Amino acid sequence: MQVHNTEVVIVGGGAAGCYAGLSLHRGGAQTIIVCKGLVGKSGASIFAGNLVLGGRLLGNTEENARNTAEFLIKYHNQFLIDQSWARRCGQWIENVYYPELEEAGLYFRRDNEGNVVTSPGKIRSIAANVQGNSGVPFMDLRRKQLMRARILCLEETAATALLRRQDGSVGGVFGLNYITGEYIVVLARAVILATGYSDRLHARSTGTREMSGDGIAMAWRVGATLANLEMQWWHTNDIAYPPTWQRMQVYPNPMLGSEKSARMINSEGQEFFNQQQDDPLAYGPYTVQLKALAKEVQAGRARYDGGYFAGFDHCDATEVDAYTTYGKGFRQLGLRFPQDLVETAVTAHYRQGGIDVDTETMCSSVLGLYVAGGLGGHSNGLIGLATYDGKVVAEGVLGALARLAPCELPEQQVESERLRLEALLSRGGGGITPAKVKEKVRSVMWEKVGVEKDAATLRSALADIEDIRLDLLPCMGVKRTTRDVNYEWLDAIDAVNMIDACELIIHSSLERKESRGPFMRRDFPNTDNAHWLAANLMKKTENGFRFEQRPYELPFFQPGFVEKNNLEVAW
Amino acid sequence: MKFAYYPGCSARSTCAELNEAMRRVAKKLGLELTQLESATCTGARELRAIDLIGFFTLNLRILALAEREGLPLMTVCNTCTLNLLDAHAAFVGDPELAIKVNETLTNEGLRYSGRTRISHFLWVLYEDIGLKRLRELVTKPLNGLTVAAFYGCHITRPPQRYGFIDSRNNISLERLAELLGCRSIDYSGRTECCGFHTAAHDERVAIKLTGAHIKSAKIGGAKTMVTPCPLCHTVLDGFQREIERDMGEKLDMPVLHLPQLIGLALGLTPEELRVDRHIVDPETIASFVGG
Amino acid sequence: MNIVPAPLGSGDARRLGQIERHDSLEARNSRLAVGDTLTVRVRRFEREGGADILEFRVPYQRAMRVLDALNWIAENEARDLAYRWFCGSKMCGTCAVRMNGREVLACWEAVEPDMTIEPLRNLPVIRDLVVDRSPFERIVASLEPWIERTAPYAGFPEPLLHKEMENASKALDCIGCMACYSACPVIGLGNLTDFAGPAPLVQLAQTALDPRNDPTKVGRALAQTGIFNCVSCYKCEEVCPAGIPIVSRVIEPLKARAAVLVPGMAKHPQILRRIVAARGRVDPGALVLGVQGFTALRNLPRIWRMLVRGKINPVRTLLGLRTAAASAARRLLS
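Residues numbered from 1 in each chain as written. Chains lettered and ligands numbered in written order. Predicted model: local features only at pLDDT ≥ 70, side-chain atom pairs only at ≥ 80, totals over all residues. Heavy atoms only, no water.

The number of helices and strands found in chain A is 14 helices and 24 strands. Over its C-alpha trace chain A gives a radius of gyration of 23 Å, about what one expects of a compact globule, namely 25 Å for 571 residues. Each principal axis of the C-alpha distribution contributes one length, and for chain A these read about 60 × 50 × 50 Å. Among the 571 residues that make up chain A, the fraction classed as buried is 68%. Counted over contacts in chain A with a minimum sequence separation of 6, partners at least 24 positions apart contribute 72%. Put simply, chain A shows about 18,100 Å² of open surface, and 48% of that area lies on carbon and sulfur atoms. (Helix = DSSP H or I, 4+ residues; strand = E, 2+ residues; numbered from the N terminus. Rg over C-alpha atoms; globule rule 2.2 N^0.38 Å. Buried < 20%, exposed > 50% of the residue type's maximum accessible area, 1.4 Å probe, protein only. Contact = heavy atoms within 4.5 Å. Areas by Shrake-Rupley, 256 points an atom, 1.4 Å probe, with all protein chains shown as cover.)

Turning our attention to the overall build of chain C. Across its full length, chain C carries 14 helices and seven strands. If one aligns the C-alpha atoms of chain C with their principal axes, the spans along those axes are about 70 × 70 × 45 Å. Considering chain C as a whole, with its 334 residues, one finds that 60% of them fall into the buried category. Counted over contacts in chain C with a minimum sequence separation of 6, partners at least 24 positions apart contribute 61%. Per element, the accessible surface of chain C, about 13,100 Å² overall, is 53% carbon and sulfur. Where the 45 positive side-chain charges of chain C centre and where its 34 negative ones centre are 12 Å apart. (Lys, Arg positive; Asp, Glu negative; His and termini not counted. Charge placed at Lys NZ, Arg CZ, Asp CG, Glu CD.)

Below, the discussion takes up the interface of chain C and chain B. At the interface, 75 residues of chain C touch 82 residues of chain B. Summing the contributions of chain C and of chain B, the shared interface buries around 7,000 Å²; its carbon and sulfur component is 58%. Scanning the region where chain C abuts chain B turns up 11 salt bridges. Note that Arg 273 of chain C is salt-bridged to Asp 51 of chain B, the shortest N-O span being 2.7 Å. Our count for the contact surface shared by chain C and chain B stands at 37 residue pairs in polar contact (both at pLDDT 80 or more). The class makeup of the residues in the side of chain C that touches chain B is 35 nonpolar, 19 polar and 21 charged. (Buried area = accessible area lost by both parts, 1.4 Å probe. Salt bridge = Lys/Arg side-chain N within 4 Å of Asp/Glu carboxyl O. Polar contact = N/O pair within 3.5 Å; in protein donor to acceptor, adjacent residues only side chain to side chain. Nonpolar A, V, L, I, M, F, W, Y, C, P; charged D, E, K, R; others polar.)

Here the focus is the packing of helix H10 (residues 267–279) of chain C against helix H14 (residues 326–333) of chain C. All names here are of chain C. At a closest axis distance of 5 Å, the pairing of H10 and H14 adopts a crossing angle of 125 degrees. Classified by the interaxial angle, the pair formed by H10 and H14 is oblique. For the pair H10 and H14, contact is made by Arg 273, Val 276, Ala 277, Ala 278 and Arg 279 and by Ala 326, Ala 329, Arg 330 and Leu 333, respectively. Residue composition of the contact of H10 with H14, by class: six nonpolar, no polar and three charged. (Axes fitted to C-alpha atoms, helices over the stretch in contact; angles between N-to-C directions. Parallel < 35°, antiparallel > 145°, perpendicular 65-115°, else oblique.)

Here chain C is described as being made up of domain 1 (29–131), domain 2 (134–151 + 163–261) and domain 3 (267–333). Here domain 2 of chain C and domain 3 of chain C have C-alpha centroids that lie 30 Å from each other. (Domains from an automatic or database assignment.)

Before going further, it helps to spend a moment on the interface of chain C and chain A. If you look at the interface, chain C gives 64 residues, while chain A gives 75 residues. With both sides pooled, the region where chain C packs onto chain A buries about 5,700 Å², and carbon together with sulfur makes up 55% of that total. Its largest share of buried area at the contact with chain A, chain C owes to Arg 79, Phe 86 and Phe 156 of chain C, together 16% of the area lost on that side. In this structure, Glu 46 of chain C and Arg 480 of chain A form a salt bridge, with 2.7 Å as the shortest nitrogen-oxygen distance. At the boundary of chain C and chain A, one finds 33 residue pairs in polar contact (both at pLDDT 80 or more). Secondary structure elements with two or more residues in the side of chain C that touches chain A: helix H1 (25–30), helix H2 (66–76), strand S6 (125–127), helix H3 (134–142), helix H4 (162–171) and helix H6 (198–208) of chain C. Of the residues contributing to the side of chain C that touches chain A, the split by class is 30 nonpolar, 12 polar and 22 charged.

Residue and element names in this part refer to chain A. Taken in spatial order, the four strands of this open sheet run S1-S9-S8-S7, and their pairing is mixed. Where the open sheet ends on each side, the last strands, each with one partner, are strand S1 (2–5) and strand S7 (157–164). Looking at each pair of strands side by side, their axes are set apart by 20 degrees on average, direction ignored. Alignment of S7 against strand S8 (residues 170–177), held across seven bridges, turns out to be antiparallel. Looking across to S8, one finds that Leu 162 is bridged to Val 173. (Pairing = 2+ DSSP bridges.)

Moving on to the pairing of strand S12 (residues 232–239) of chain A. All names here are of chain A. Most of S12 sits out of view: eight of its eight residues are buried. As paired strands, S12 and strand S16 (residues 342–351) are joined by five bridges and run antiparallel to one another. What sits directly across from Asp 238, in S16, is Ala 345.

In this structure the tally under the stated criterion is 12 cavities of 30 Å³ or more. Within this model, the largest cavity holds a volume of roughly 310 Å³. If you trace the largest cavity, you find 21 residues lining it, with Gly 132, Met 248, Thr 325 and Lys 328 of chain A together with Met 91 of chain C closest to the centre. Looking at the lining of the largest cavity element by element, the count peaks at three residues for helix H9 (residues 327–332) of chain A. Each residue belonging to the lining of the largest cavity can be placed in one class, and the counts come to 11 nonpolar, six polar and four charged. (1 Å grid on protein atoms, 1.4 Å probe; cavity = no way out; pocket = protein on both sides within 12 Å on 5 of 7 lines; lining within 4 Å. Points joined across faces, edges and corners; volume = space filled by probe spheres on them.)

Moving on, we come to the environment of Val 451 of chain A. Looking at where Val 451 of chain A falls in the secondary structure, it is placed in the loop between helix H12 (434–448) and strand S19 (452–453). Leave out the neighbours within four places in its chain, and Val 451 of chain A touches Trp 234, Leu 290, Tyr 304, Val 346, Pro 518 and Met 520 of chain A.

On inspection of all chains with the given rule, the structure shows 29 aromatic pairs over all chains. Summarising the aromatic geometry, the rings of Phe 55 of chain B and Phe 56 of chain B are spaced 5.4 Å apart at their centres and angled 55 degrees between planes, so their arrangement reads as tilted. As far as burial versus exposure is concerned, Phe 55 of chain B and Phe 56 of chain B are alike and both buried. What links up through ring pairs into an aromatic cluster is the set Tyr 19, Trp 85, Trp 92, Tyr 97, Tyr 98, Phe 108, Phe 138 and Tyr 388 of chain A together with Phe 156 of chain C. Positioned above the aromatic ring of Phe 556 of chain A, the side-chain terminus of Arg 87 of chain A is 4.0 Å from the ring centre. Of note, Arg 209 of chain A hangs over the ring of Tyr 487 of chain A, and the distance from its end group to the ring centre comes to 4.1 Å. (Phe/Tyr/Trp six-rings, centres within 6.5 Å; stacked < 30°, edge-to-face > 60°. Lys NZ or Arg CZ within 6 Å of the ring centre and 35° of its normal.)

We now examine the arrangement of the chains. When the two pairs of chains in contact are compared, the highest contact count belongs to chains B and C. In this view chain A stays clear of chain B, with the nearest C-alpha atoms of the two still 11 Å from each other.

So, about unusual backbone geometry. Glycine aside, the phi torsion of most residues is negative, and most peptide linkages are trans. Cis geometry is found at the peptide bond from Tyr 241 of chain A to Pro 242 of chain A, where omega equals 10 degrees. Positionally, Pro 242 of chain A belongs in the loop between S12 and strand S13 (263–265). Pro 158 of chain B follows Arg 157 of chain B through a cis peptide bond whose omega is 5 degrees. Along the chain, Pro 158 of chain B falls in the loop between strand S5 (146–149) and helix H8 (159–162). Of note in the backbone geometry, Asn 100 of chain C takes a positive phi value of approximately 50 degrees without being a glycine. You can see Asn 100 of chain C is positioned in the loop between strand S3 (96–99) and strand S4 (102–105). Residue classification places Asn 100 of chain C among the partly exposed positions, given a relative accessible area of 24%. Located in the positive-phi region is Ser 232 of chain C, a residue other than glycine, with phi close to 60 degrees. The residue Ser 232 of chain C is located in the loop between helix H7 (215–223) and helix H8 (235–239) in this model.

Here it is in structure tokens:
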């Protein structure tokens, strides 16, 4: 067992976690990053297609600036966002984010005249190197910045439990390096959970292999308040076949250097969505697309798991290839590009909800436990926002560092966690494959907690999850009981977290009695701003949990209606 | 059939037997070769790394010389071929480069307009002569000679130039060898690298790489190897004794240039084909040259 | 051969074999249908226990990738199979393997009816298909792959043309999958040379070919790379799933920088250029003498052998005799 002592431990190596690490390092704090995958190579951050221009950057007009802000509040967050946080974030992005990235060497794509290539329209964006692949060089830069700063990164190490001090505050993490099979303990003054937006809880999910709701599960176990778990995006343009490409999107966003964007066609060959035409304000039009799709599904002209198509057949190949990677998937499938369309399906995407935080410090309801990025329940979408969180959490932690004591090794907790994990390893032989348990959980979520839900499906899902917990979990076993590179063992550990996280999500879904943006309830089809323009908070109690609503302030943007059928709402 | 002919540097120095053999075989095949006398080196691999514009200029000049003759251009060396193809592609894809180079070529009354067809002798056999005609011309089939074809990198990669997802799928040499009566083998070194291009400063890489290829050809039962590239030949044949010393075993694997293999089947003698210039004596070949 | 086809069209001979061997994306995606069964062999490996090849029969799924096949095997037949992947969508670069002897990205490559799947070469195998990436990471870290500016940052957006970043931009497509590192025959020779290898060089090129970077720093990094050991075999380009032209857009531009920034490193190319400029064509004897100096004369048996066969011509070499091409070369390369 390796024991590390440091000042701050960050769980997660994506945009938020890396930036938090770099900011803390700049602020003089010793930091260790624990990453379940490989820093800068796993999770959602690498999927950033391009970068939105906020404020008055790069020739943005006042109207562009307002559009960007409005788009964030409405289309990305359905008003379930701290607008003041959003304003601070927007200002930071305008003044610091882009210059800082470029100074560090990130290449914002230029044309041959030296102009930064932008997508035209009501909201403008740019790309790091090439559109469709901005996240890769972006995160690679972070990886190299960490390398340069010599910040220790413990990779392929899954954090499995938060460690607490006697007073209940969080002071460390327990983890497993699943390549070597060694246990890792990192003790610190503060823990930052930055495990990301996307998870892999549905049969089709954009979350990468290692994502299993760990952040939600671990935070809940130590009593952190959660918010808006039910609010989840869905990608509408993800490739239907092969299964492993469920994360590969036919990006619907406006293309750099072009007036066009991808279009969507139903099973009868009719176009039913084209962002630049149908909703130019919806720069990242995921919810708008979803609503358009829902109408098609309800009319029998598409299904959520396929039967509709997307592509660029209305464009010139050179137009798409000039600044984007969008044609690559088509060609790799042996299709003609741009003439051929590809069959697409929905995929569960960002979980807007997560751990509730104080948006000025990123501190959760548990002392010592901080959150940054997608895991937080305070906003949704965009790599810039996750990066901003990294800055805010670093400042929040640095500000509190003097008050946060170092953590002594909590021997009992460590031993207890070690035994728990050993039990999952040693129960060998003919048990149920953990991968099958995960698959079962995903299948329940896909069938019953999918795009359209109601109380009946949700309660049925709860029952199914309960069955899995009581009947399948205890029977899980691994075939190979050696510790190194044991993905079965990791699956078993993940399965437990998945069940916990899914249960919380379903309860939270039952509680929000409305539809809002991507959250669609058949039994409550209206968006209800009178009662539900509020954070749906889930608080742990002695014998379970209770819900509380915290309405959002509306200083800058207001919805402009009280109640309306969700499918008729533009966002 | 008329071709402008560009033998390259090796075919007129280290592998001068290639040029002689090619000329004799050309006569048999009815190919009229017009050698481009003032054509320079294409720059091997080194020039394009440190002097890109010099590289383009020399290569486009060669293509312009061929264009002036109004003839397609035939090559007998892989690296020359790839250099010319790359220069041509750059010319077509970059109008600014085209203008710049043509400005320089104007000084000697030359100009390239992108019309030269570049064809390695291997492709000329398929595309201009055709296998049907070739079969008619074969008078001494190489009955059962087991041959290991060694392609050499630059005639089958990069994919951007040749289009193979997997360059091992290239079967042009084997098909040809079989038409001549040979039996060809599959072996691990077929489309691998001989290491020639670093040999001038460190031949150990070439020795190690090529040693493994010859060994696997031998284990596969090959009695001779054939290659369309004199640079590969220089390692395969020219360095074979060093390879044997490095491996601690005798290989005695004769290596033929492509025109030599063709020539034998067309009835030319080994002497006419100048196999006497090889380090490894292909005396065993004669027994396969049947009737 | 019984059937002799008619003469091929221009350009077809160089692609002979493509049709027969399904060597196109269209063919590789249409040769199988749902209902077909694949035969898949996987090389398994345990540090204690060694290697073993196991065979599986896998049902074809629509548009199936190699990763889908591995997932099926792990879910149905070999639950303890170890293989790395994160994104499944050609972004994270962690699922590269060898399929039928060829490096592929498992999530990107279409399946074949008959497949043997092995781990990447040139990296230590930890278990089954999982390799140790740390040798690669160590080399990359030693090259310090970040820019250090010589002039203060001008503010966003700074003056920069795409043309200046053209090659760096290609290198930025790299996802660090290491297929190229596995395919490289020079890396395959291990410690014989100090060649850094294609993957680390692509990583380096991202900043080394960036005009905003300090040339002294770039020179320092290049001096460690052994870059002139590259044999230009293009195997790296062949296997790169991101389609980066590694030789022509990364290695050669880096060689060009090394020639300028690291005195003496580019001896071979510089001498070749000098010879061609003077004589019009390469005189191999002059080249070897120029590059190796008198050590070239050590192998007397070889010199004798070559002399006897007429493969070297000392007179021509030593007298600096020129060819008909000399005047053109001198003019064009001066």
